[in-house]
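Structural features, examined
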Amino acid sequence: MRTYYCGELRTSTIGETVTLYGWVDRRRDHGGVVFLDMRDRAGIVQIVSDPERTPNSYPTAEDVRNEYVIKVSGRVSQRPQDSINPNLPTGEVEVYAEQMEVLNAVRQQLPFQIASEEADAVRENIRLKYRYLDLRRDRLNQNLHLRHQVVKAIRRFLEDEEAFTEVETPILTRSTPEGARDYLVPSRVNPGKWFALPQSPQLFKQLLMVSGFDRYYQIARCFRDEDLRADRQPEFTQLDMEMSFLSEDEIIDLNERLICHIFKTVKGIDLPRPFPRLTYNEAMSRYGTDRPDTRFGLELVQVSDIVQDSGFKVFSEAVKSGGLVKALPIPGGNEQISNVRIKPGGDLFKEAAAAGAKGLAYMRVREGMEIDTIGAIKDNLSEEQKQELLRRTKAQPGHLLLFGAGDAVTVNKSLDRVRQALGEELDLIDKEAMNLLWVTEFPMFEWNPEEKRLESLHHPFTAPNPDDLDDLKTARAQAYDLVYNGIEIGGGSLRIYQRKVQEQVFEAIGLSLEAAQEQFGFLLDALEYGTPPHGGIAYGLDRLVMLLAGEDSIRDVIAFPKTQQASCLLTEAPSNVDEKQLKELYVVSTYDPEME
RNA sequence: GGGACUGUAGUUCAACCGGUUAGAGCACUGCCCUGUCACGGCAGAAGUUGCGGGUUCGAAUCCCGUCAGUCCCGCCA
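Residues numbered from 1 in each chain as written. Chains lettered and ligands numbered in written order. Predicted model: local features only at pLDDT ≥ 70, side-chain atom pairs only at ≥ 80, totals over all residues. Heavy atoms only, no water.

1. Things to note about the overall build of chain A
Scanning chain A from terminus to terminus reveals 19 helices and 22 strands. Projected onto the principal axes, the alpha-carbon positions of chain A cover approximately 95 × 75 × 60 Å. Buried positions account for 48% of the 596 residues belonging to chain A. For chain A, restricting intrachain contacts to residue pairs at least 6 apart in sequence, the fraction spanning at least 24 positions comes to 67%. Total accessible area computed for chain A in this model is approximately 30,200 Å², and 47% of it derives from carbon and sulfur atoms. With 72 positive and 96 negative side-chain charges, chain A shows a spacing of 2 Å between the two charge centroids. (Helix = DSSP H or I, 4+ residues; strand = E, 2+ residues; numbered from the N terminus. Buried < 20%, exposed > 50% of the residue type's maximum accessible area, 1.4 Å probe, protein only. Contact = heavy atoms within 4.5 Å. Areas by Shrake-Rupley, 256 points an atom, 1.4 Å probe, with all protein chains shown as cover. Lys, Arg positive; Asp, Glu negative; His and termini not counted. Charge placed at Lys NZ, Arg CZ, Asp CG, Glu CD.)

2. Observations regarding the nonpolar core
One finds Val150, Leu158 and Met241 to be the most contacted residues of the largest nonpolar core, which totals 72 residues. A total of nine residues in this core trace back to one element, the largest contributor, which is helix H6 (residues 248–267). In this structure leucine 158 touches Ala163, Phe164, Tyr217, Leu239, Met241, Leu254 and Leu258, once residues within four positions along its chain are discounted. By size, the runner-up hydrophobic cluster in this structure holds 22 residues, among which are Cys6, Leu9, Leu36 and Val72. (Core = buried A, V, L, I, M, F, W, Y, C linked by side-chain atoms within 4.5 Å.)

3. Re a nonpolar patch on the surface
Together, Ile171, Leu172 and Phe195 give the surface a local cluster of nonpolar side chains, amounting to about 240 Å² of exposed area. Along the chain, leucine 172 falls in the loop between strand E6 (165–166) and strand E7 (184–186). Among the residues examined, leucine 172 registers a relative accessible area of 44% and is labelled partly exposed. (Patch = residues over 30% accessible without salt bridge, like charges linked within 9 Å, V, L, I, M, F, W, Y side chains within 5 Å. Salt bridge = Lys/Arg side-chain N within 4 Å of Asp/Glu carboxyl O.)

4. Some points on the pairing of strand E14 (residues 361–365)
In terms of burial, E14 is largely enclosed, as five of its five residues are buried. Bridge analysis of E14 against strand E16 (residues 400–406) gives four bridges, and the strand direction is antiparallel. Pairing of tyrosine 362 across the sheet is with leucine 402, part of E16. Here E14 pairs with strand E15 (residues 371–373) via three bridges, running antiparallel. From the neighbouring strand, valine 365 faces E15, where its bridge partner is isoleucine 371. (Pairing = 2+ DSSP bridges.)

5. Things to note about the sheet that holds strand E13 (residues 324–330)
If you trace the five strands from one edge of the open sheet to the other, you get E12-E13-E16-E14-E15, paired in antiparallel fashion. Only two strands of the sheet have a single partner each, and these edge strands are strand E12 (301–302) and E15. Bridge count for E13 against E16 is seven bridges, and the pairing is antiparallel. By the bridge assignment for E16, lysine 326 is matched with glycine 404. The strands touched by helix H9 (residues 313–320) within the sheet are E13, E14 and E16, with E16 carrying the most contacts at an inclination of about 45 degrees. Sheet strands in contact with helix H15 (residues 408–425) are E13 and E16, and its direction is about 10 degrees off that of E13. (Axes fitted to C-alpha atoms, helices over the stretch in contact; angles between N-to-C directions.)

6. Section: the pattern of salt bridges
On inspection of all chains with the given rule, the structure shows 48 salt bridges. Between arginine 495 and glutamate 242 there is a salt bridge, with the nearest N and O atoms lying 2.8 Å from each other. In this pair, arginine 495 sits in the loop between strand E21 (487–494) and helix H16 (499–508) while glutamate 242 sits in strand E10 (residues 235–244), placing the two residues 253 residues apart along the sequence. Taking relative accessible area as the criterion, glutamate 242 reaches 0% and is therefore assigned buried. Within the structure, one salt-bridge network assembled from shared partners comprises Asp120, Arg127, Arg131, Asp134, Arg137, Arg139, Glu551 and Asp556.

7. Some remarks on the packing of helix H4 (residues 138–161) against H6
Direction vectors running N to C along H4 and H6 enclose 135 degrees, while the axes themselves pass 9 Å from each other. With respect to H6, the element H4 is oriented oblique. For the element pair H4 and H6, the recorded crossing hand is right-handed. Two secondary-structure elements touch here, H4 through Leu146, Gln149, Val150, Ala153, Ile154, Arg156, Phe157 and Leu158 and H6 through Leu254, Arg257, Leu258, His261, Ile262, Thr265 and Val266. In terms of residue class, the contact of H4 with H6 is built from ten nonpolar, three polar and two charged. (Parallel < 35°, antiparallel > 145°, perpendicular 65-115°, else oblique. Left-handed = near helix turned anticlockwise from the far one by under 90°. Nonpolar A, V, L, I, M, F, W, Y, C, P; charged D, E, K, R; others polar.)

In structure tokens, the structure reads:
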């Protein structure tokens, strides 16, 4: 029977005879004495075996190899003074192995070494195929433990401090328009009909408010059949919350306390409260994005009004056709950024071009506030316009001003990209900083040029600001996002709780009354039976844990993630299924090997 | 759907401008070593250079295609 975990042994355990179970992390064979680093979930301890002191175990100790599973019994001893290992919590002690038993050997060459630093560099497809070995490694092990700690902190806070109730909502539910592509599941019992896996429990949690639960939360799995990224998996986990009778400020306050509790519990960090808030318009204006990274400056400056009447067509035409011109002033940029990088072919140009920009105009501010720029700008801007540009951008000698001109979306997107690239490159980002902020007052809708209709920016159940009800199309939403170091980790809103408003919003996004009744009739009906004012939020748990773990990919905080091709290299899912299964489901597969 | 990068022993990497017997560390096998902790030393085995074509006297290297992984754009209410 196990008496201790390997990692638990300390000087206080010296003299005890212990029984340990675990893996051989490393083996050092000196011919006459063998040292084993023995590992279990709690850590590593050194096992010693030699022919004189531990004759029973020595033959076994000579035979074992890395990652063998062993059982060891023996006395915990103080290490000789000159052999103490200060790098191990157990470094002052070691166990003389009176008994050693191999419970399971490693029969094949390991695909990679578990205990080696090199394993971090192993090609990811190999790590994913042998995920169970990858998860043995300290780094991933720690990540999943951290994830558990985060979830535990969430539950303690929401349940014990704030009286939230966890309710499970269906995984088999109905497909609804809007939003991401659905994962579909055929219904055997209802031939030709389909379930969809939930993109989020949105409607169910609202209905729970109608039912009077008042405060709901769920650690909920969500599914979206869209293309993957480092921070996007087809199935992911949300912390989903919904509350009745709370104002936007009250919801934000409760959530700040939740986030602070998480940071305090798992990282020991006291975050300053309240978190800063930016309106959507402010964020777009100053950073060109609705999730600004405020760990560094380099704020954008709106200059449309200065240059709209200039002879420089790139600027004036942009403003005339409804777009804008913005500047990105870079202190010291003259020294650090060459023209080659700004011009076509350069890396900063490419950064802007990736967002659809046609180019980057620039001005350099020399000694004595002399302006150094391309002829087209020099010749076509008046002296007053140039001076006003310098004033507005607070330019000083040494400054480089980059300009974006065009439609608002492209200008903001491209300058945001350039700003982030430079923040990184010029080492302006304090890596220790943890900047959490709220972005509020999102617009209700944005225009989708392809489908020629308005779309909900958040989702169609978001309540409009009551001050903006006379023109819903341009109304602000009572929505809020939580941004952590430039990454959106959560977002929510107050919801519509009146049928009439809900119908108006559906109408605004081009959903006819009939279609709305067909798709969302159950919600519209519910709104007629005494629905309380309510609102909520959902967090991307994987992203939050990724950031807390300092990882760059959510795959490193998910036990069994999928590849960018949405497949599982471990189980080889998705796979073919038996023709019989398809028949039972009244489904004809499109897969036809003959066609290939 | 599109762009970029990567693919060489189990693994991490090397192999210069197209010419070697395709090398090295770790792991593996054998031997030596009684205080190491990334132990050390000696010897050895280990390769369809992702796969398929092509160019060439000659291809890991150049070209085309294909597969896989990663990053990004589109997409993700």
